[in-house]
Amino acid sequence: MAVISIAGYGLALLTNLLLSNMLGTELFGDYQVAFALLSLLASLSLSGTDMVASRYLPTMRKTVNLEGIRAYCAWNRSRIRFGFSIILAVYAVFLAIALATHLADYKRFEEYHLAFHSIWIAPIAALSLLTDRYLVASGYPRTGSILGSLALHLVLLFCVAAAVYGLRLSVSSSSVMIGILVVSFVFLGLLHAVIFRTVEPEIYGAWWTPARGASPEHHRAWSRTSNRMLIMRVNSLMLWHLDLFIVEIASPNEAATSLYAAVLLVVRIMQLIPTTISFMIRPLCGAAADDRSQCPKLQKAINESNAVVLGACSLLLAGMLIGGHFILNAFGPGFSEATTALAMVAAGAFIEALTRQSVVMLQTMGHEQVATRISTVSLVIVLGGGFIATYLFSYNGMAAVTGLVLAGKGLISYAFARRRLPEIRPLSVI
């Protein structure tokens, strides 16, 4: 899993390096904002059902409860149909306004931000995301990870290269970028469907088979869990993307979004490592939550994971602090100006990475409300402080706020984990 995640990051970075050198500091940020919005809307349109699948489908599959699977799929279809309808309705309203301004010669249609055009692509991307979760829930986590990480960025990289070097198109055109995104996600969706039908024909068939529907109790349970998962997902995604949106809106510097986007792309590897390792810790946390005699086994796993995170992230931090100028230069001319911002965000991400197991413990050992409150407060601070800092100091101000919030979120989570779960030492490496 770790190898797949890191390889996916490498492909994503390669794709973005190619685009940044072609688009420059003025347009690369627009693409990053559009892709971030696309990812956010794709997750939101699923209304939390992508996360719920991992909770309920494994049990149904193990007990061969085909009728239950059909009822669940019927509920899932109705839930995402509602989410898709809202997304497309919002886009329809924006499209009407955009066409009206175009016809009135106030603002031409092609001048609208690429993020505007990415809204209607969200449902297409959402289907791939949902299939990933179904594959994971069905016992194929590696297949889901490969499709959701490696395949996505490999297809995007191929489409960008084909458009630029094969068809001689300019990626600075919004229509070309829209075409690349549509072709990529349609192809990815078809690939998902073929593989899912091959490895899980029963669940694939249940998705298309009409069902009588589950009992009201099951519907309420699924919806309640879905709503909680959606709130957690919104918090997580907004913390992941909100700072980039703020820089796009509040910074008077046109190149600021591109520079800050490059910083986030570089730092993401430091956040990816503890996130990937945490998947091995989560089952042990669940077992220890029900049986405290499992705590020594959990502690040993935490020690080992912390040692790996400390070693890897220390090397990454040193590389970003010492070689930040050279790393950012790879994105193209002008990107090395963000060296200071890279240092600030990397320092905060380093502390957050070291304390990531504290967040996992709170989420999986009966204290998820505490973790949600910490994330919500962090979100409010980013939203309030980010606009002010960005307006005053451009992307460097946002970088300072992001670094402080990441570090503070990690340290506060550690303090709560030590207080609520005294049997475990979240920062121990021995």
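Shown above is the structure to which this text applies.
Since the structure is predicted, the reported quantities are computational estimates derived from the model, not experimental observations.

Each value, and the rule that gives it
- Residues numbered from 1 in each chain as written.
- Predicted model: local features only at pLDDT ≥ 70, side-chain atom pairs only at ≥ 80, totals over all residues.
- Heavy atoms only, no water.
- Phe/Tyr/Trp six-rings, centres within 6.5 Å; stacked < 30°, edge-to-face > 60°.
- Helix = DSSP H or I, 4+ residues; strand = E, 2+ residues; numbered from the N terminus.
- Buried < 20%, exposed > 50% of the residue type's maximum accessible area, 1.4 Å probe, protein only.
- Lys NZ or Arg CZ within 6 Å of the ring centre and 35° of its normal.
- 1 Å grid on protein atoms, 1.4 Å probe; cavity = no way out; pocket = protein on both sides within 12 Å on 5 of 7 lines; lining within 4 Å.
- Points joined across faces, edges and corners; volume = space filled by probe spheres on them.
- Nonpolar A, V, L, I, M, F, W, Y, C, P; charged D, E, K, R; others polar.
- Contact = heavy atoms within 4.5 Å.
- Expected span 1.5 Å × (residues − 1).
- Axes fitted to C-alpha atoms, helices over the stretch in contact; angles between N-to-C directions.
- Parallel < 35°, antiparallel > 145°, perpendicular 65-115°, else oblique.
- Salt bridge = Lys/Arg side-chain N within 4 Å of Asp/Glu carboxyl O.

1. Brief notes about the packing of aromatic side chains
Under the criterion given, the structure shown has twelve aromatic pairs. Taking 5.5 Å as the distance between ring centres and 45° as the angle between the ring planes, the aromatic pair formed by Tyr 72 and Trp 75 counts as tilted. On the criterion of helical spacing, the pair formed by Tyr 72 and Trp 75 is a turn pair, its members being three residues apart in helix 3 (residues 66-103). Of the two residues, Tyr 72 and Trp 75, both sit in the buried class. On the numbers, 6.1 Å between centres and 80° between planes, the contact of Phe 109 with Phe 116 is edge-to-face. You can call Phe 109 partly exposed: its relative accessible area is 23%. According to the relative accessible area criterion, Phe 116 is buried, its value standing at 10%. The structure contains a cluster of three or more aromatic residues connected by ring pairs, namely Tyr 91, Phe 109, Tyr 112 and Phe 116. Here the basic side chain of Lys 107 rests over the ring of Tyr 112, its NZ or CZ set 4.6 Å away from the ring centre.

2. Things to note about the layout of surface pockets
Of the pockets and cavities examined, the second largest pocket occupies roughly 450 Å³. In terms of lining residues, the second largest pocket is bounded by 19 residues, among which Leu 127, Thr 131, Ala 193, Trp 207 and Trp 208 are the most central. Elements that contribute at least two residues to the lining of the second largest pocket include exactly helix 3, helix 5 (122-137), helix 7 (174-199) and helix 8 (201-208). Residue composition of the lining of the second largest pocket, by class: 13 nonpolar, four polar and two charged.

3. Re the environment of Met 51
Mapped onto the elements, Met 51 comes out in helix 2 (residues 49-62). Taking the C-alpha atoms as reference, Met 51 lies 7.4 Å from Ser 226; in sequence the two are 175 residues apart. Setting aside residues no more than four positions away along its own chain, Met 51 makes contact with Arg 133, Met 229 and Arg 233.

4. Things to note about helix 3
The terminal C-alpha atoms of helix 3, which comprises 38 residues, lie 53 Å apart, in line with the 56 Å expected from a rise of 1.5 Å per residue. Once helix 3 ends, the next one or two residues include Asp 105, with phi positive near 60°.

5. Some points on the packing of helix 7 against helix 8
Contact pair helix 7 / helix 8: the axes reach a minimum separation of 5 Å and the direction vectors enclose 120°. One way to sum up the angle between helix 7 and helix 8 is to call them oblique. Residue-level contacts link Ala 193, Phe 196, Arg 197, Thr 198 and Val 199 of helix 7 to Pro 201, Ile 203 and Tyr 204 of helix 8. Here the contact of helix 7 with helix 8 is composed, by residue class, of six nonpolar, one polar and one charged.

6. Quick word on the pattern of salt bridges
Scanning the entire structure with this criterion turns up one salt bridge. Notably, a salt bridge pairs Glu 352 with Arg 356, separated by 2.7 Å at the nearest N-O pair.

7. Side note on the side chain of Glu 200
One can find Glu 200 in the loop between helix 7 and helix 8. Excluding anything up to four places from it in sequence, Glu 200 contacts Arg 61, Ser 138 and Tyr 140.

8. Looking at the side chain of Gln 271
With respect to the secondary-structure elements, Gln 271 resides in helix 10 (residues 256-290). Overall, the relative accessible area of 13% leaves Gln 271 in the buried class. In contact with Gln 271, other than residues within four places in its own chain, are Trp 240, Ala 349, Glu 352, Arg 356 and Leu 406.

9. Regarding the packing of helix 11 (residues 295-329) against helix 12 (residues 339-354)
Across the interface, helix 11 lies against helix 12 with an axial gap of 9 Å and an inter-helix angle of 175°. The orientation of helix 11 with respect to helix 12, classified from their angle, is roughly antiparallel. From helix 11, Asn 306, Val 309, Leu 310, Cys 313, Ser 314, Leu 317, Met 320, Leu 321, Gly 324, His 325 and Leu 328 reach across to helix 12, where they touch Thr 339, Leu 342, Ala 343, Ala 346, Ala 347, Phe 350, Ala 353 and Leu 354. Residues belonging to the contact of helix 11 with helix 12 are distributed by class as follows: 14 nonpolar, five polar and no charged.

10. Let's talk about the environment of Arg 233
For Arg 233, the location among the structural elements is in helix 9 (residues 216-250). Taking the C-alpha atoms as reference points, Arg 233 and Thr 372, 139 residues apart in sequence, are found 10.0 Å from one another. Setting aside residues up to four positions removed in sequence, Arg 233 forms contacts with Ser 43, Asp 50, Met 51, Leu 129 and Arg 133.

11. Some details on unusual backbone geometry
Positive phi, normally seen in glycine, also occurs at Ser 47, with a value near 55°. Inspection of the secondary structure assignment puts Ser 47 in the loop between helix 1 (2-45) and helix 2.

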